[in-house]
Structures are given as C-alpha cells and as structure tokens.
Amino acid sequence: MLQITCPYCGPRDQDEFTFGGEAHIVRPLDPDSLSEREWGDYLFMRENPKGNHKEQWCHSAACGKWFNVVRDTVTYEIKAIYKVGEQAPEEETCKSHQPEPEND
Ligand SMILES: [Zn+2]
C-alpha cells in the first residue's frame, strides 16, 4: 500500500486519502468567453505523463485538507508533497523526500 505523508498529520496509509486528479487546473475567470472546445478542454483534457505527475490529494479520513503530490506514474514513488498555494518544486529538486508534519 502507498504511504502518503499528509503535510498536516504525517505519514499514513493511502486508504485514508482521496485522489483528486491533476493539480493546478485553474477554472477560467470568464467561462462565457470560451468556445465549446476551450470549455471542453478545461473540463476533460488532462495530462497523462509517463513519469512525474502533479496531483491533488485530500486526507479525507482525518484532517480533510487538500494538498499536492508529485508522484512518478511508473514507480508510484512520491517525489514531493506541498500545500495548496505553495509553489510546485522544480523537476530537478523532486527528490525522494517527504515533508515533516506541522506541529500545531
Ligand atoms: Zn491530514
């Protein structure tokens, strides 16, 4: 089973988490100005990389907070975990590390 380190609670088994799909999908500010194709792309088109993928996860069985994960889609290795609103780590710095949980 995959172990995921919630940035708020610490390491836990994957079954405490809910996968939320690709991270950093931003809703268009003015959806009415989009063509049908642009709106369809926003709703349905997602990356499907072989390698590092930025994903959203929610610690649904505990704190309920959302955060982002960089996970290798080939090995399932989690390369980085960062909070919503934080900058995604650069590819070169996506080493095997997981954050320390907060003490609050
Ligand atoms: Zn948590």
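Data block above holds the structure.
As the structure is a prediction and not an experimental result, all values here were calculated from the model.

1. Describing unusual backbone geometry
Here the phi dihedral of His24 falls at roughly 70 degrees; this positive angle occurs in a residue that is not glycine. Relative to the helices and strands, His24 is located in the loop between strand 3 (18-22) and helix 1 (36-44). With a phi angle near 70 degrees, Tyr76 is a residue other than glycine that sits in the positive phi range. Relative to the elements of secondary structure, Tyr76 occurs in the loop between strand 5 (66-72) and strand 6 (78-83).

2. Structural notes on the sheet that holds strand 3
The sheet built from 4 strands is open, its strands ordered 3-4-5-6 with antiparallel pairing. Sheet topology places strand 3 and strand 6 at the edges, where each strand pairs with a single neighbour. Geometrically, the sheet is characterised by an average inter-axis angle of 30 degrees between neighbouring strands, direction not taken into account. The pairing of strand 3 with strand 4 (residues 52-58) spans 3 bridges and is antiparallel. Paired with Glu22 across the strands is Glu55, a residue of strand 4.

3. Regarding the pairing of strand 6
Pairing analysis gives 5 bridges linking strand 5 to strand 6, with the strands arranged antiparallel. Bridge pairing in strand 6 places Asn68 opposite Tyr82. Connecting the antiparallel pair strand 5 and strand 6 is a turn made up of 5 residues, with Tyr76 showing a positive phi of about 70 degrees.

4. Observations concerning the environment of Thr73
Mapped onto the elements of the fold, Thr73 is located in the loop between strand 5 and strand 6. Given 14 C-beta atoms within a 10 Å radius, Thr73 is considered partly exposed. Measuring from C-alpha to C-alpha, the distance between Thr73 and Lys50 comes to 5.9 Å, with 23 residues separating the pair along the chain. Apart from residues lying up to four places away in sequence, Thr73 is in contact with Pro49, Lys50, Gly51 and His53.

The rules behind the values
Residues numbered from 1 in each chain as written. Predicted model: local features only at pLDDT ≥ 70, side-chain atom pairs only at ≥ 80, totals over all residues. Helix = DSSP H or I, 4+ residues; strand = E, 2+ residues; numbered from the N terminus. Pairing = 2+ DSSP bridges. Axes fitted to C-alpha atoms, helices over the stretch in contact; angles between N-to-C directions. Buried ≥ 20, exposed ≤ 12 C-beta atoms within 10 Å, placed from the backbone. Contact = placed C-beta atoms within 7 Å.

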